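What follows is the residue order along each chain.
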Amino acid sequence: MIDTDLPYKRVVLKLSGEALLGKQDFGIDPEVLSRMANEVRDVAALGVQIAVVLGGGNIFRGQGLARAGMDRVTGDHMGMLATLINSLAFQDALERVDVMARVMSGLQVNEVCEDYIRRRAVRHLEKGRVTIFGAGMGNPFFTTDTAASLRAIEIGADILVKATRVDGVYDADPEKVPDAKRYKKLSFNKVIDDRLNVMDTTAVVMCRDNNLPIRVFDLDVQGNLMRLIKGEDIGTLVVPD
């Protein structure tokens, strides 16, 4: 039974592939994977319907090889497969902490997971299953940020939350500019006009045009996801003007 006082009933969580690296240079850090699974489990236990979109940058980045001469479509397809590896790993981590989870893919790989079908995804969520959307949109030239925005809009999510390694959106890179200012709240148009590093522009425009708020927060701080779901002012909120 969902806590009716919660501000969000259905949420899409966007995790970068780099978030799974932890202290490693490549691949998946089992400790990070387990901690993230526990965070999602605790949120799901409140009755919140939660879907997850993972990037694949910890394994492969198609754009980098495309710049080096590889065919862009081939590189992007390889990147989609990397997101599926992360999705299956996250499904396993969730199941190990007794959370029902389903991976749905934008590419047809029926031997390892389901195809993405919107109505079936919504049904999984209604049954309390954490639904993991892998392989992006199933098309090259689109990022997993855009895939997260699209899936969130399709399933009628209340908010798209993007986990990063910093505690919100800044007016400059906080790792390079010590006195960079963190925004608590931003409009979609300011994000686009100022080219702030929230998500790629296509993803931001999709959220703007469909009135889907975005919250950017630091998942490295344990408990932040739960605080956000309960309505605390964590990170940076991006909303319509």
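Residues numbered from 1 in each chain as written. Predicted model: local features only at pLDDT ≥ 70, side-chain atom pairs only at ≥ 80, totals over all residues. Heavy atoms only, no water.

**Considerations on the overall build of the protein**
Phase 1 of the analysis: Scanning the protein from N- to C-terminus turns up 8 helices and 11 strands.
Phase 2 of the analysis: A compact globule built from 241 residues should have a C-alpha radius of gyration of about 18 Å, and the protein, at 17 Å, falls within 12% of that.
Phase 3 of the analysis: In terms of overall dimensions, the protein has C-alpha extents of about 50 × 50 × 35 Å along its principal axes.
Phase 4 of the analysis: The burial tally for the protein puts 53% of its 241 residues in the buried class.
Phase 5 of the analysis: Pairs at least 24 residues apart make up 71% of the contacts formed inside the protein by residues separated by at least 6 positions. (Helix = DSSP H or I, 4+ residues; strand = E, 2+ residues; numbered from the N terminus. Rg over C-alpha atoms; globule rule 2.2 N^0.38 Å. Buried < 20%, exposed > 50% of the residue type's maximum accessible area, 1.4 Å probe, protein only. Contact = heavy atoms within 4.5 Å.)

**Notes on the pattern of salt bridges**
Phase 1 of the analysis: Taken as a whole and judged by the stated rule, the model has 16 salt bridges.
Phase 2 of the analysis: As a salt-bridge pair, Arg120 and Glu114 come within 3.8 Å of each other at their nearest N and O atoms.
Phase 3 of the analysis: Asp194 is the partner of Lys190 in a salt bridge, and the nearest nitrogen-oxygen pair spans 2.6 Å.
Phase 4 of the analysis: The network of salt bridges with common partners includes Lys14, Asp145 and Lys162. (Salt bridge = Lys/Arg side-chain N within 4 Å of Asp/Glu carboxyl O.)

**What about the packing of helix α5 (residues 144-154) against helix α7 (residues 201-209)?**
Relative orientation and spacing of two packed helices are given, respectively, by the angle between their axes and the distance between those axes.
Phase 1 of the analysis: At a minimum axis separation of 7 Å, α5 and α7 run at an interaxial angle of 15 degrees. Between α5 and α7, the interaxial angle falls into the category roughly parallel. Along this stretch, α5 crosses α7, giving a crossing that reads as left-handed. Of the residues in α7, those in contact with Asp145, Thr146, Ser149, Leu150 and Ile153 of α5 are Thr202, Ala203, Met206 and Cys207.
Phase 2 of the analysis: Residue composition of the contact of α5 with α7, grouped by class: 5 nonpolar, 3 polar and 1 charged. (Axes fitted to C-alpha atoms, helices over the stretch in contact; angles between N-to-C directions. Parallel < 35°, antiparallel > 145°, perpendicular 65-115°, else oblique. Left-handed = near helix turned anticlockwise from the far one by under 90°. Nonpolar A, V, L, I, M, F, W, Y, C, P; charged D, E, K, R; others polar.)

**Describing the packing of aromatic side chains**
Phase 1 of the analysis: Under the defined criterion, the tally for this structure stands at 1 aromatic pair.
Phase 2 of the analysis: Each ring, one from Tyr116 and one from Phe133, has its centre 5.4 Å from the other, and the planes form 90 degrees; the classification is edge-to-face. Taken together, the residues Tyr116 in the loop between β4 (114-115) and α4 (118-126) and Phe133 in strand β5 (residues 130-134) connect sequence positions 17 residues apart. By the burial criterion, Tyr116 is buried, and Phe133 matches it.
Phase 3 of the analysis: Note that Arg151 overlies the ring of Tyr116, its terminal NZ or CZ placed 3.7 Å from the centroid. (Phe/Tyr/Trp six-rings, centres within 6.5 Å; stacked < 30°, edge-to-face > 60°. Lys NZ or Arg CZ within 6 Å of the ring centre and 35° of its normal.)

**Thoughts on the environment of Asp71**
Phase 1 of the analysis: Note on placement: Asp71 falls in the loop between α2 (62-67) and α3 (72-96).
Phase 2 of the analysis: A distance of 3.0 Å separates a polar atom in the side chain of Asp71 from the backbone nitrogen of Thr74. (Polar contact = N/O pair within 3.5 Å; in protein donor to acceptor, adjacent residues only side chain to side chain.)

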